[in-house]
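# A closer look at the structure
Listed below, chain by chain, are the residues.
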Amino acid sequence: MEPANYTRVTEFVLTGLSQTREVQLVLFVIFLSFYLFILPGNILIICTIRLDPHLTSPMYFLLANLAFLDIWYSSITAPKMLVDFFVERKRISFGGCITQLFFLHFVGASEMFLLTVMAFDRYAAICRPLHYATIMNRRLCCILVALSWLGGFIHSIIQVALIVRLPFCGPNELDSYFCDITQVVRIACTNTFPEELVMIFSSGLISVVCFIALLMSYAFLLAMLKKHSGSGESTSRAMSTCYSHITIVVFMFGPSIYIYARPFDSFSLDKVVSVFHTVIFPLLNPIIYTLRNKEVKTAMRKLVNRYILCKEK
């Protein structure tokens, strides 16, 4: 059949998380609570690092960028999902779907690359402490962050370029609450095996390779700390930071590998993993970093006392 004979799909219908009204209301309250915690939590991290003169090391600069990406990442799917809980027919235009897909992969991939940069930062701090300030200067940090964003942009453009060239003639229903390549590819009116293979290689294999590399690098750093350092406060602090980063890496890459490193078939756990990946995971970053980082907790307490409690008095 020629592409001209297709009736071009102009919008997609989302099935959402549930069709039961009571369940939708409960989910709305839960996810709204998550979202209203994510935004202030990450904004507080950014403000604390920017305003506290003691948090000037490259690690905190990278952490502020991670918090910014989390704000953006959680805002790609959550607002529309919350609105759709009150809409009987959940729709998204073709252009809106492609836009959502683009930013989801742009920000998600940028965050993965940034986590890799943070691992390099910890390597320089632990293995090259005398040269750390020279190696991880502000200029290099800015370049590495910019490269992370550029890598995410290139990755996302590849996904979008593969999707927009596919013909869609119906059905136009996506069994999800947002647009992603795994859902959109399934309803294309053509054989999508070549595109799916490229997407699995681009998203899945990169996630697996980065995940394994990051785990190995942090395992090496922890072994170095236990072998060459004593049980002092600086060692405990460095180990706590590494454990925090490992936790974030597992929560970030685990769902990504499950979703993208396999054929894009439908499984019962898909929606659960997607919710964790797009809504719950961004919530974990501020919690993990504030609970395991004494400097950030102390600086946050000072910031709240100075700018909030003092004004109330």
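By the naming in an unreviewed UniProt entry, the chain goes by Olfactory receptor and is assigned to Enhydra lutris kenyoni. Listed in UniProt under the heading Sequence similarities (unreviewed entry), the comment for the chain reads: "Belongs to the G-protein coupled receptor 1 family." Entered under Function (unreviewed entry) in the UniProt record, the comment concerning the chain runs "Putative odorant or sperm cell receptor."

Looking now at the overall build of the chain. Along the backbone of the chain there are 10 helices and 3 strands. Secondary structure elements in the chain, listed N-terminal to C-terminal, are β-α-α-β-α-α-α-β-α-α-α-α-α. On C-alpha atoms alone, the chain measures out to a radius of gyration of 21 Å, which is about the 20 Å that the 2.2 N^0.38 rule sets for 313 residues. Along the first, second and third principal axes, the C-alpha atoms of the chain reach 70 × 50 × 35 Å. Counting every position in the chain, which comprises 313 residues, the buried fraction comes to 50%. Contacts in the chain between residues far apart in sequence, at least 24 positions, make up 80% of those at least 6 positions apart. Surface summary for the chain: the accessible area is close to 15300 Å², and the carbon and sulfur share equals 67%.

What follows is about the side chain of Ser 74. Within the secondary structure, Ser 74 is located in helix 2 (residues 58-84). By relative accessible area, Ser 74 is classed as buried at 1%. Not counting residues within four places of it along the chain, the set of residues in contact with Ser 74 comprises Tyr 35, Ile 38, Pro 79, Thr 278 and Pro 282.

Let us look at the nonpolar core. Of all hydrophobic cores here, the largest spans 91 residues; its most connected members are Phe 12, Ile 163, Phe 168 and Phe 253. The element that contributes the greatest number of residues to this core is helix 3 (residues 94-127), accounting for 18 residues.

This part takes up the pattern of salt bridges. Tallied over the full model, the rule gives 7 salt bridges. Notably, a salt bridge pairs Asp 84 with Lys 80, separated by 3.3 Å at the nearest N-O pair. Remark: Lys 80 and Asp 84 occur in helix 2; sequence separation between them is 4 residues, near one turn of the helix. What makes Asp 84 buried here is its relative accessible area of 7%. Classification of Lys 80 by relative accessible area gives partly exposed; the value is 23%. Of the charged contacts in the structure, one is a salt bridge between Arg 165 and Glu 195, with a shortest N-O distance of 2.6 Å. Placement of the pair is Arg 165 in the loop between helix 5 (138-164) and strand 3 (173-174) and Glu 195 in helix 7 (residues 193-228), with a sequence separation of 30 residues. Three or more residues joined by partner-sharing salt bridges are found here, namely Arg 186, Arg 262 and Asp 270.

We now examine a nonpolar patch on the surface. Nonpolar side chains collect at one region of the surface, where Ile 143, Leu 147, Leu 150, Phe 153, Ile 154, Ile 157, Ile 158 and Val 198 lie side by side and expose about 640 Å² of accessible area between them. Looking at the nonpolar patch element by element, the count peaks at 7 residues for helix 5.

Pairing of strand 1 (residues 11-14) with strand 2 (residues 90-93) involves 4 bridges; the strand directions are antiparallel. The residue of strand 2 that forms the bridge with Phe 12 is Ile 92. Summarising the sheet, strand 1 and strand 3 pair through 2 bridges and their orientation is parallel. Residue pairing in the sheet places Leu 14 in a bridge with Leu 174 of strand 3.

Before going further, it helps to examine the environment of Thr 116. Within the fold, Thr 116 resides in helix 3. For Thr 116, a relative accessible area of 32% corresponds to the partly exposed category. Spatially, the C-alpha atom of Thr 116 lies 28 Å from that of Ile 163, the residues being 47 residues apart in sequence.

Our focus in this paragraph is the side chain of Ser 156. For Ser 156, the position within the fold is in helix 5. By relative accessible area, Ser 156 is classed as buried at 0%. A distance of 2.5 Å separates the side chain of Ser 156 from the backbone oxygen of Phe 102, its partner in a polar contact. For Ser 156, the residues in contact, after removing those within four places along its chain, are Leu 101, Phe 102, His 105 and Phe 106.

The rules behind each value
- Residues numbered from 1 in each chain as written.
- Predicted model: local features only at pLDDT ≥ 70, side-chain atom pairs only at ≥ 80, totals over all residues.
- Heavy atoms only, no water.
- UniProt positions renumbered as here; feature names shortened; annotations may be inferred.
- Helix = DSSP H or I, 4+ residues; strand = E, 2+ residues; numbered from the N terminus.
- Rg over C-alpha atoms; globule rule 2.2 N^0.38 Å.
- Buried < 20%, exposed > 50% of the residue type's maximum accessible area, 1.4 Å probe, protein only.
- Contact = heavy atoms within 4.5 Å.
- Areas by Shrake-Rupley, 256 points an atom, 1.4 Å probe, with all protein chains shown as cover.
- Core = buried A, V, L, I, M, F, W, Y, C linked by side-chain atoms within 4.5 Å.
- Salt bridge = Lys/Arg side-chain N within 4 Å of Asp/Glu carboxyl O.
- Patch = residues over 30% accessible without salt bridge, like charges linked within 9 Å, V, L, I, M, F, W, Y side chains within 5 Å.
- Pairing = 2+ DSSP bridges.
- Polar contact = N/O pair within 3.5 Å; in protein donor to acceptor, adjacent residues only side chain to side chain.

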